[in-house]
Amino acid sequence: MEPDAETVSAPRQLGKYRIKRDIYTEEQFQKNYERNTPSPRNRDFRIQGRVQCRFSWARFRKIILKMFPILNWLCAYRVREWFLNDIHAGLSVGMVQIPQGLSGVLLTRLPLPVVNGFYSAFCCSLTYVIFGTSHHISIGSFSILNAMVADVLKTLNFSPILTANGTFANFSDANYMKSYMEALTLTASTTFLTGIIQLLLGCFCLGFVTTYLPKTLIDSYLTAAALHVIVSQFSFIFGIVINFHMGPLAIFYNLFQYCMALPKANATSILLFLVGLVMLRISNCIKITYKHSPVAFPMELLLIITITIIANHVHLHAESSMLAAKMVPHRFLPPTLPDLSNLSRIVAHAFSLAIVSYFLLIFVGKRYACIHNYNISSNQELMAIGLCNIFSSFFKSFAVSCAISGTVIQEKTGGKTQFAALIGASIMLVVVMKVGHFFQALPNAVLAAIVMVNMFPFLEKFMDVPTLWRQDKYHFVIWIVTFAAVLCLGLDIGLAIAMGFTFFIITVRSHRMKIVMLGQIPNTDLYRSLSDYKAAAEIEGVKIFQCCSSISFANMRHFKGYLLEKMDVKAVPLDENEMRALISVSLSSTGMEKKDFQCACVCDPPEPLPRIPYTEKLVKRLHRNNESSSSSLNLIRWSKFESKRSSGTLPTGMLQTQHAQSTAIRLRAARPESGKKKDEGERTWHSSDPGVDTSTTLLCQEATQLRSTEFSTYPVHTIILDFSMVQFVDLQASDLLRQMFHMFQNLGISVLIASCHLSVIAIFEKNDFFDGCVTKARFFLTLHDAVLAALEQNQRPEIVELSAGDPEQELDEGLTEEQKITGSELLNEEPISDLFRAYSLQSEAEMNIFQQYDAPPPEPGDRDEEWEQKWKYARDP
């Protein structure tokens, strides 16, 4: 049976992706492959010195659709599917808005003409239909916002008091009418300034702030706001009127006032509230399906019409809107421009109203947009609500926002577009103009039951708190803090505290660094966490650290501390002598002459300070237990590579031997091992870049006596940092990272970076990160490239190490006189009689010694007794 054609071609296709390639560093990759230069943007203006304007129908259409979102759904309106649902929702919302507008006077205590309030509601709804992007928002008065506006009137000392017969003072009183008109003028000015602030914020595109607010904050804020609304309805439930307070702890003060007034509660109002509450809860069990779509039973509409008919034929002895109708003047106040002469007195209140009005709107809009899977524009919503408040101010009305109860009704009754809100506003205005007196007999307790039932979906978010505790502690804390702040301090101050706390939590969480150590999955090029995978094995001599977040000034200390802890070293600040020597080497490396006395003109520009590669040195940690002991490593080394740049290095802390700057001796403590090669982990990474950093000074530290009689060599030769998850590295973190490169270089440990994004490398270039020691040759395209390069470089026999049994032996004849003098001073500075001292010998010096005997130096494992005799004679003839 012959194989299928697809079966044969499959291995050939897979073979294209089985690639064998060389190791790539960023430096080599950029040389081999040319980078695309960013193309300049198409310029619509100033072409060949002439100003031209390019017109595009597509761009014009995009701008128009963005400015007038009504066109997005009006042009695609599905009449057969959406029309009946929008009619149903519009009727329900319109009938609920009528008693809400009539009873709004009772809470604010400001007798606004009823007709003006309904005209304002109609104009605001029409404005939002044109400019709003949410499909379910119902624009109208919000009880808490009305109370905040009424709180502004305290600046005028205008406090209308109900008389014994339940009415305000006589409108025929000239003094009262003057105070009344001043209050309405101040209300209109506050509303107008609120809309102007919102419009300006929208023009500056500040609506993006809501992008950084999590859903947890939105749910918690709306839950606390729902509790504020429920408390405000107690006046209708119990049939009592109190002096409603706003501000910090106002909700508890209002509750105390209601408790004190409970003996005066109206039993009929309480009974009607309970009846309405039961009927509305029963309606949730009634399911209606129209064309396979569930439709809510219109219980609100049925309840309002039924109770209104009964109340007009039977006196129910309950609080109703009839009292509110008697409180307000019957004449219509024509639209007028607001008075802007008192802006300085209301600007703070207006800004607070603007923020609360917008965030209530956007929070409710986002909630239902998420449920129905569409997007809303935060900035466009800000401009839409600003225009609504500006139009509302012409009728001397309150600041408007999202009518939460109306929005819930519009959504659950099946409203699909803003056409439902437009129908509701139209029905509301027509009914009020013709039969408005008919609804004045409706008890306010029924309206309170409708409002409270529609707040229950927001109170159900209390059930999410235990889930948040199990899933995410950060969001749990955000929920609790937001709820407590808004409930106790109000919608404005609580919102500011909640947003500030949320931004703090986001900042802490985004900058909290998680670092894991990686190991290789055997026989693969995959690397996973050593703590998560048992199969992951650590590579000998290589430590791999994966940074799981960006590195900034906020977490760079944690990043440094974690690396030093895992490498079992600590950073010790350089003393004054070491810093002075380091600066002198930096000056000599930059070509600046060092003079003991120098006189310069003040007019001359000051010379730039030399960049010091590091300000700390790394030493081994001292363990307290008896089983393990360690000491400071002697960090002076001598190799073939480093001899080329020895003229630019200086062992700091040895000012008495500054004449040996050109040939600094580098010693390394090593432990002798029998029958084995020396630990290969002590070889230094040598950059392929021919440039050498002469500012890198290798520190000489005094060796302290061990509790045992051995020096422990450092087992790690390479540290690899996986930057695949790092998005940016700021300026301070770049400086710290460069210093760590140099400090580990002094320990003989090379630091490599793998999978670093090109944007991060661009940040390094801007921050002047690279120098002669830290080059792009240390950056590798993948983590596996870095591992292979580290292992390959470690196998190069560039440094030959010898162990000497006698610590008082001198260096070979290949050393210069200055090196011998400096080395003897180092050995005689603090004699160590019971320790073994090992020296690193460069290959060229060993070759020079054995050229006398025409014999090449043998390998470390082949050195027999004859070789030892020749070596001893060569050193001490």
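Scroll up for the structure.
Residues numbered from 1 in each chain as written. Predicted model: local features only at pLDDT ≥ 70, side-chain atom pairs only at ≥ 80, totals over all residues. Heavy atoms only, no water.

Participant: Got a minute to help me understand the packing of helix 20 (residues 464-471) against helix 21 (residues 473-489) in this structure?
Facilitator: A pair of packed helices is captured by two measures, namely the crossing angle of their axes and the spacing between those axes. Orientation of helix 20 relative to helix 21, taken along the N-to-C sense of each, is 145°, at an axis distance of 6 Å. Seen from helix 20, the contacting residues are Val-465, Leu-468, Trp-469 and Gln-471; seen from helix 21, they are Lys-473, His-475, Phe-476, Trp-479 and Ile-480. The class makeup of the residues in the contact of helix 20 with helix 21 is 6 nonpolar, 2 polar and 1 charged. (Axes fitted to C-alpha atoms, helices over the stretch in contact; angles between N-to-C directions. Helix = DSSP H or I, 4+ residues; strand = E, 2+ residues; numbered from the N terminus. Contact = heavy atoms within 4.5 Å. Nonpolar A, V, L, I, M, F, W, Y, C, P; charged D, E, K, R; others polar.)

Participant: I keep staring at a nonpolar patch on the surface and nothing clicks. Help me out?
Facilitator: There is a patch of nonpolar side chains on the surface, built from Leu-200, Phe-204, Leu-206, Phe-208, Tyr-212, Phe-503 and Ile-506 and spanning about 700 Å² of accessible area. Summarising the element assignment, Ile-506 is placed in helix 22 (residues 491-511). (Patch = residues over 30% accessible without salt bridge, like charges linked within 9 Å, V, L, I, M, F, W, Y side chains within 5 Å. Areas by Shrake-Rupley, 256 points an atom, 1.4 Å probe, with all protein chains shown as cover. Salt bridge = Lys/Arg side-chain N within 4 Å of Asp/Glu carboxyl O.)

Participant: Help me out: how do you make sense of the packing of helix 6 (residues 114-131) against helix 16 (residues 378-393) in this one?
Facilitator: With their axes 9 Å apart at the nearest point, helix 6 and helix 16 run at an angle of 155° to one another. With respect to helix 16, the element helix 6 is oriented roughly antiparallel. Every pair of crossing elements has a handedness; the one defined by helix 6 and helix 16 is right-handed. Judged by residue contacts, Ser-120, Cys-124, Thr-127, Tyr-128 and Phe-131 of helix 6 engage Gln-380, Glu-381, Ala-384, Leu-387, Cys-388, Phe-391 and Ser-392 from helix 16. Partitioned by chemical class, the residues of the contact of helix 6 with helix 16 number 7 nonpolar, 4 polar and 1 charged. (Parallel < 35°, antiparallel > 145°, perpendicular 65-115°, else oblique. Left-handed = near helix turned anticlockwise from the far one by under 90°.)

Participant: In this structure, what is going on with empty space enclosed by the protein? I would like to understand it.
Facilitator: Remark: the empty space left among the atoms is shown by a probe the size of a water molecule rolled over them. One pass over the full model with this rule turns up 13 cavities of 30 Å³ or more. The space that makes up the largest cavity amounts to roughly 330 Å³. Lining the largest cavity we find 21 residues, and of these Gln-100, Gly-101, Gly-117, Phe-118 and Ser-141 sit closest to its centre. Where the lining of the largest cavity is concerned, the elements lending two or more residues are helix 5 (79-108), helix 6 and strand 1 (139-140). When its residues are assigned to classes, the lining of the largest cavity shows 11 nonpolar, 10 polar and no charged. (1 Å grid on protein atoms, 1.4 Å probe; cavity = no way out; pocket = protein on both sides within 12 Å on 5 of 7 lines; lining within 4 Å. Points joined across faces, edges and corners; volume = space filled by probe spheres on them.)

Participant: Which parts of the structure should I look at to understand the layout of surface pockets?
Facilitator: As a volume, the second largest pocket reaches approximately 600 Å³. What lines the second largest pocket is a set of 31 residues, and nearest its centre among them are Asn-284, Ala-296, Glu-411, Lys-412 and Thr-413. Mapped by element, the contributors of at least two residues to the lining of the second largest pocket are helix 12 (267-283), strand 2 (287-290), strand 3 (293-296), helix 15 (343-372), helix 17 (404-412) and helix 19 (444-459). Counted by class, the lining of the second largest pocket contains 12 nonpolar, 11 polar and 8 charged residues.

Participant: Sorry if this is basic, but what is going on with the nonpolar core here?
Facilitator: Note that soluble globular proteins tend to have their nonpolar side chains buried in a common cluster. Leu-360, Phe-363, Ile-404 and Leu-491 are the most contacted members of the largest nonpolar core, which totals 121 residues. Beyond its immediate chain neighbours, meaning those up to four positions away, Phe-363 contacts Leu-213, Leu-217, Ile-218, Tyr-221, Leu-222 and Leu-495. Phe-545, Leu-721, Phe-723 and Ile-753 belong to the second largest nonpolar core, which has 42 residues in total. (Core = buried A, V, L, I, M, F, W, Y, C linked by side-chain atoms within 4.5 Å. Buried < 20%, exposed > 50% of the residue type's maximum accessible area, 1.4 Å probe, protein only.)

Participant: Would you mind going over the environment of Gly-247 with me for this structure?
Facilitator: On the secondary structure map, Gly-247 appears in the loop between helix 10 (234-238) and helix 11 (250-260). For Gly-247, a relative accessible area of 25% puts it in the partly exposed group. In the structure, Gly-247 is positioned 96 residues away from Asp-151 in sequence and 9.1 Å away in space, judged by C-alpha atoms. Not counting chain neighbours up to four residues away, the residues in contact with Gly-247 comprise Cys-488 and Leu-489.

Participant: It is not clear to me how helix 18 (residues 419-435) should be interpreted in this structure. Could you clarify?
Facilitator: Along an α-helix, a turn takes 3.6 residues, which lines up residues three or four apart on a common side. With 17 residues, helix 18 ought to run about 24 Å at 1.5 Å a step, and its terminal C-alpha atoms sit 24 Å apart, in line with that. For helix 18, the full list of buried residues reads Ala-420, Ala-421, Ile-423, Gly-424, Ala-425, Ile-427, Met-428, Leu-429, Val-431 and Val-432. (Expected span 1.5 Å × (residues − 1).)

These results come straight from atomic positions and should not be treated as a statement about function.
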